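A look at the structure
Here is how the chains run, residue by residue.
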Amino acid sequence: MRFNSSNLSIKRRTAVEATDFLRRDDKMAALLPAIERMASLQKDCAAALPAMFKYCEILAFEDGQLTLSLPNASLAAKLKQQLPKLQETLARRGWQVHGVKLKVQMTKPAEIKEQMRSLSLSDAAVTAFDELGDTLEATPQNATLIAALKAMVARRRQTS
């Protein structure tokens, strides 16, 4: 999701609606302090290492042990190098973090997918692919390629 004022407004409204829901139910209201604590810790972690925490989430924080979820091993390796800085920053903000465990698991696939580049084709390129689909010999070996070309051309012409 790209940041803009309407997204921020939606997030605020959703957060307010969620907290109102929790406050209305006695059993759920008991969870509110824990949720607020975890949100505060997530915010402090993100402030300490903004680039790293774009895709990280806190799974648990019990007895000084912080468990973080990361979407891939590459990010986990990079974050592992930054753990001393993270723990130092959190300590300055009043968090007593004695250890950090990292778990690699896909948690935010929609946001990660959003970072992928999308290929843009000129009208001439779309026409060339369309002509290629028409000129390929209609054999069983080419059937999948021809279908893929036709589908791509149809999608590109529909969005432009």
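Position numbers for residues count from 1 along each chain, tracking the sequence in the order it is written. Given that the model is predicted, a residue must reach a pLDDT of at least 70 before its local features are reported, and side-chain atom pairs must reach 80 or more before they are shown or counted; all residues, however, enter totals for whole chains, interfaces and linings. Hydrogens and water are ignored here; the side-chain numbers use all heavy atoms of the structure.

What about the packing of aromatic side chains?
Convention followed: For Phe, Tyr and Trp, rings pair up if their centres lie within 6.5 Å, where Trp contributes its six-membered ring, and each pair is then called stacked (planes under 30 degrees apart), edge-to-face (over 60) or tilted (otherwise). Going along the chain from the N terminus, every DSSP run of H or I of four or more residues is numbered as a helix, and every run of E of two or more is numbered as a strand.
Taken as a whole and judged by the stated rule, the model has 1 aromatic pair. For the pair Phe 61 and Trp 95, a centre-to-centre distance of 5.9 Å together with 75° between the ring planes defines the contact as edge-to-face. Within this pair, whereas Phe 61 is found in strand 1 (residues 57-62), its partner Trp 95 is found in the loop between helix 4 (73-92) and strand 3 (99-104), the two being separated by 34 residues in sequence.

Some points on helix 4
Using the following cut-off: Take the residue count of a helix, subtract one, and multiply by 1.5 Å to get its expected span. Here the bend at each residue means the angle between axes fitted to two seven-residue stretches, the one ending at that residue and the one beginning there. Buried residues are those whose accessible area, probed at 1.4 Å on protein chains only, stays under 20% of the maximum for their type, while exposed residues exceed 50% and partly exposed ones sit between those limits. Only heavy atoms enter the contact rule, under which two residues are in contact if any of them lie within 4.5 Å. For the purposes of these results, a polar contact is taken to be a pair of N or O atoms within 3.5 Å, where, inside protein, one atom must be able to donate a hydrogen and its partner to accept one; residues adjacent in sequence count only when each atom of the pair is a side-chain atom.
Helix length check: helix 4, at 20 residues, gives a terminal C-alpha distance of 28 Å against a target of 28 Å (1.5 Å per residue), a fit within 8%. Largest kink in helix 4: about 55°, centred on Gln 82, with the proline Pro 84 one to four residues after it. Among all positions in helix 4, only Leu 75, Ala 76, Leu 79, Leu 83, Leu 86, Thr 89 and Leu 90 are buried. Turning to helix 4, the residues buried within the fold contact helix 3 (32-48), strand 2 (65-70) and strand 3. By the N-cap criterion, in which a side-chain oxygen at the helix start approaches the backbone nitrogen of a residue two or three places on, helix 4 is capped by Asn 72, the distance to Ser 74 being 3.2 Å. At the exit of helix 4 stands Gly 94, carrying a positive phi of roughly 95°.

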